[in-house]
Amino acid sequence: MTTSDTLGTRPAARPREISGTTRLYVVVGDPVDQVQAPRLVNPVFAEAGLDAVLVPVHARPADFPAVLTGLRSIANLDGILITIPHKVAAAHLADLRSPAAAISGSANALRREPDGRWLADNFDGAGFVRGMLRAGHRIAGSEIRLVGAGGAGSAIAVALLDAGCARLTVHDPDQARLADLLRRLDAHWPGRATPRDGQGPVDVVVNATPLGLRPQDPLPFDPTDLPDGCVVADIIMKPARTRLLQAAQGRGLPTHPGIHMLAEQVDLYRAFFGLPGAR
C-alpha cells in the first residue's frame with residue numbers, strides 16, 4: 001500500500017463481513033469523531049484477506065484505565081491503537097514498553113504478546129518524520145520548535161532528535177510535564193533539547209497540541225512572527241486544513257498537514273501487528 005493509496009486517491013476496499021471468527025482491533029480516544037485510523041487500516045485488512053476489523057472506542061479519561069483493562073481481557077482482540085488524550089496513560093498501564101514508548105513516556109499502539117502481556121510502542125514520531133521527509137522537508141541539521149509535550153509531542157520530540165535535528169526547543173504550559181520530557185531526552189541527546197526561549201533561528205514549527213480540533217480553539221502560536229520559509233506543521237487530522245495551517249498559508253509559509261503522520265504509520269502498524277505486506 002502506498003501513501004497515495006492511504007490518502008484516499010483510490011476507492012477503499014470493502015471490509016469483510018463481520019462474524020464470530022473476526023479478530024478485533026480498536027482505536028481508543030476522547031473524542032473519537034476525528035479519528036482516521038479505521039479508514040486507513042480496515043482497507044489493509046480487506047486487501048490482505050484478513051478477517052479483522054478496527055473500530056473506534058470512546059473512553060473518557062476517568063474511565064480509560066477500566067476500559068483498557070477490559071479491552072486487554074477480550075480474547076479475540078489483538079491490537080489497540082491509542083489517540084488523544086490517553087497516550088501517556090497507555091504507556092504507564094502497559095506491561096512492556098519499546099524504547100520509543102519508554103523514552104517518550106507515551107504509546108499509540110499496544111499488542112498482545114505470546115505470553116499474554118501487552119507491549120506498548122509509539123509510532124507517532126516515526127510517522128511524523130517519515131511524512132516530513134516524504135514531503136521534501138529537511139529534519140537533519142534543522143532548528144525545530146515543538147509546541148506540546150503531551151503524548152504525541154513527546155514521541156515526535158524523540159523522533160526529531162533521533163533524525164538529527166540540530167536543536168529542538170519545546171514549549172508546553174505544563175511546566176512539570178515539560179521538565180520531565182526534557183530530562184528524559186537529555187539522557188539520550190545531551191544538550192540538544194531545551195525549553196522554548198523565543199530566541200534563535202527556526203526552520204520548522206510543529207503544533208503537537210489538540211488546539212485546532214474545534215473551530216473555536218485559539219491558535220497554538222502566531223505564524224505571523226515566523227521567518228520566511230519556515231515550515232508550519234500541524235498534527236491535527238480533522239479538519240485537514242486547520243486554522244493554524246490556513247493562517248500560515250496566508251502568511252506565505254509552507255505548511256504540512258497532520259494526515260501524513262498517520263498515513264506513514266500504516267506500514268509500521270503492519271510490522272508491529274505482524275500483518276501481511278509489512279515493509
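Before reading on, note that the structure itself is shown above.
Read on for a plain summary of the structure. Because the structure is predicted, anything quoted here is derived from the model rather than measured.

1. Comments concerning the pairing of strand S11 (residues 231-234)
Then, number 1: Here S11 shows a buried face lined by Val-231 and Ala-233 and a second buried face lined by Val-232 and Asp-234.
Then, number 2: Note that strand S10 (residues 204-207) and S11 share 4 bridges and pair parallel. For Val-204, the partnering residue across the bridge sits in S11 and is Val-231.
Then, number 3: Pairing analysis gives 2 bridges linking S11 to strand S12 (residues 255-256), with the strands arranged parallel. Each bridged residue has a counterpart across the sheet, and for Ala-233 the counterpart in S12 is His-256.
Then, number 4: Considered for its hand, the β-α-β crossover made up of S11, helix H9 (residues 243-250) and S12 is right-handed.

2. Here we look at the side chain of Thr-169
Then, number 1: Tracing the sequence through the fold places Thr-169 in strand S8 (residues 167-171).
Then, number 2: Not counting the four nearest positions on each side in its chain, Thr-169 is found in contact with Ile-144, Arg-145, Leu-146, Thr-194, Pro-195 and Arg-196.

3. Some words on the sheet that holds strand S6 (residues 118-121)
Then, number 1: With mixed pairing, the 6 strands of this open sheet are ordered in space as S2-S1-S3-S5-S6-S4. Strand pairing shows two members of the sheet lacking a second neighbour, strand S2 (52-58) and strand S4 (96-97), which therefore form its edges.
Then, number 2: Taken together, the 2 bridges between S4 and S6 define a ladder with parallel strand orientation. In the sheet register, Leu-96 faces S6, and the bridge partner there is Leu-119.
Then, number 3: Its contacts with the sheet place helix H2 (residues 37-47) against strand S1 (23-29), S2 and strand S3 (77-82), and it is angled at close to 165° to S2.

Rules behind the numbers
Residues numbered from 1 in each chain as written. Predicted model: local features only at pLDDT ≥ 70, side-chain atom pairs only at ≥ 80, totals over all residues. Heavy atoms only, no water. Buried < 20%, exposed > 50% of the residue type's maximum accessible area, 1.4 Å probe, protein only. Helix = DSSP H or I, 4+ residues; strand = E, 2+ residues; numbered from the N terminus. Pairing = 2+ DSSP bridges. Right-handed = clockwise from strand over helix to strand, strands pointing away. Contact = heavy atoms within 4.5 Å. Axes fitted to C-alpha atoms, helices over the stretch in contact; angles between N-to-C directions.

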